[in-house]
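Breakdown of the fold
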Amino acid sequence: MSGPGNATAYTRRLGWAVVGTAGVVLAAFVAIAHAAPTDQRQQNERITLYYGVVPAALSQAALAAHPPAPDVHGTVRPAAGTHHLVVALFDTPTGQRITQATVTVRHTPPQGAAMSKVLEPMPLGDALSFGTTLVIAEGRNHRLRIEVRRGETVDRFDVVYDNLHGGP
């Protein structure tokens, strides 16, 4: 039996289906936004810093530039959770790439002791960046303090990194 009441009920159900679908799509976009890294650029009046963190297994160049020590069987494997940190530096006022600097990182995991490393200069094509490998366990709130020393001046940039994946 079709009548005006059935058409109204159908329209109402269709409307709720559209609203429900829109809600699911919105929730998916919100989840993606929270999972994606935030702006990987920090800047002050002297230095603009871009950084990236990549699982070392995905970066053969990282393994070649920073080879791990062989294990007791002579096999070279990166430690579980090894990531490659790359930093590119630019002079904020001029936009010129900075190639003369000493860059260090202090990694403080959510649990455990902090450790520091010096980033090595890394030529990438015609550009120069700085990089190192770090063991970053899966989890949230890894603190990275990146220090850039140019002459007597030291600039500090604080990054919070969430490693939300178990591997590559």
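Residues numbered from 1 in each chain as written. Predicted model: local features only at pLDDT ≥ 70, side-chain atom pairs only at ≥ 80, totals over all residues. Heavy atoms only, no water.

Overview of the side chain of S129
On the secondary structure map, S129 appears in strand β6 (residues 127-135). Residue classification places S129 among the buried positions, given a relative accessible area of 4%. Here R97 takes part through its side chain, which lies 2.8 Å from a polar atom of the side chain of S129. For S129, the residues in contact, after removing those within four places along its chain, are V86, V87, A88, R97, E120, P121, M122 and L124. (Helix = DSSP H or I, 4+ residues; strand = E, 2+ residues; numbered from the N terminus. Buried < 20%, exposed > 50% of the residue type's maximum accessible area, 1.4 Å probe, protein only. Polar contact = N/O pair within 3.5 Å; in protein donor to acceptor, adjacent residues only side chain to side chain. Contact = heavy atoms within 4.5 Å.)

Details of unusual backbone geometry
For N141, which is not glycine, the phi dihedral falls at a positive 65 degrees. Tracing the backbone shows N141 in strand β7 (residues 139-150).

What about the packing of aromatic side chains?
In total, this model carries one aromatic pair according to the counting rule given. Residues Y50 and F90 carry aromatic rings whose centres are separated by 5.8 Å and whose planes lie at 85 degrees to one another, so their mutual orientation is edge-to-face. Here the residue Y50 occupies a position in strand β2 (residues 47-55), and F90 occupies one in strand β3 (residues 82-91), the gap between them amounting to 40 residues. (Phe/Tyr/Trp six-rings, centres within 6.5 Å; stacked < 30°, edge-to-face > 60°.)

Considering the pairing of β7
Along any regular strand the residues' side chains alternate between the sheet's two faces. Inspection of the sheet shows strand β4 (residues 102-108) paired to β7 by seven bridges, in the antiparallel sense. Among the inter-strand pairings, H107 is bridged to a residue of β7, identified as L144. Count of turn residues in the β7/strand β8 (residues 153-163) antiparallel hairpin: two residues, of which G151 carries a positive phi of about 65 degrees. (Pairing = 2+ DSSP bridges.)

Thoughts on the pattern of salt bridges
Under the definition given, this model contains six salt bridges. Where D155 meets R46, a salt bridge forms, and the shortest distance between an N and an O atom there is 2.6 Å. On the criterion of sequence distance, the pair formed by D155 in strand β8 and R46 in the loop between β1 (41-43) and β2 is long-range, its members being 109 residues apart. By relative accessible area, which is 35% here, R46 ends up partly exposed. (Salt bridge = Lys/Arg side-chain N within 4 Å of Asp/Glu carboxyl O.)

Comments concerning the nonpolar core
By size, the foremost hydrophobic cluster in this structure holds 21 residues, and its most contacted members are L49, L85, V87 and L89. Put simply, the parts of the chain that give this core at least two residues each are β2, β3, β4, β6, β7 and β8. The dominant element in this core, judged by the number of residues it contributes, is β2, at four residues. Those residues within four positions of V87 in sequence are excluded, and the remaining contacts are L49, Y50, Y51, L119, S129, F130 and I146. (Core = buried A, V, L, I, M, F, W, Y, C linked by side-chain atoms within 4.5 Å.)

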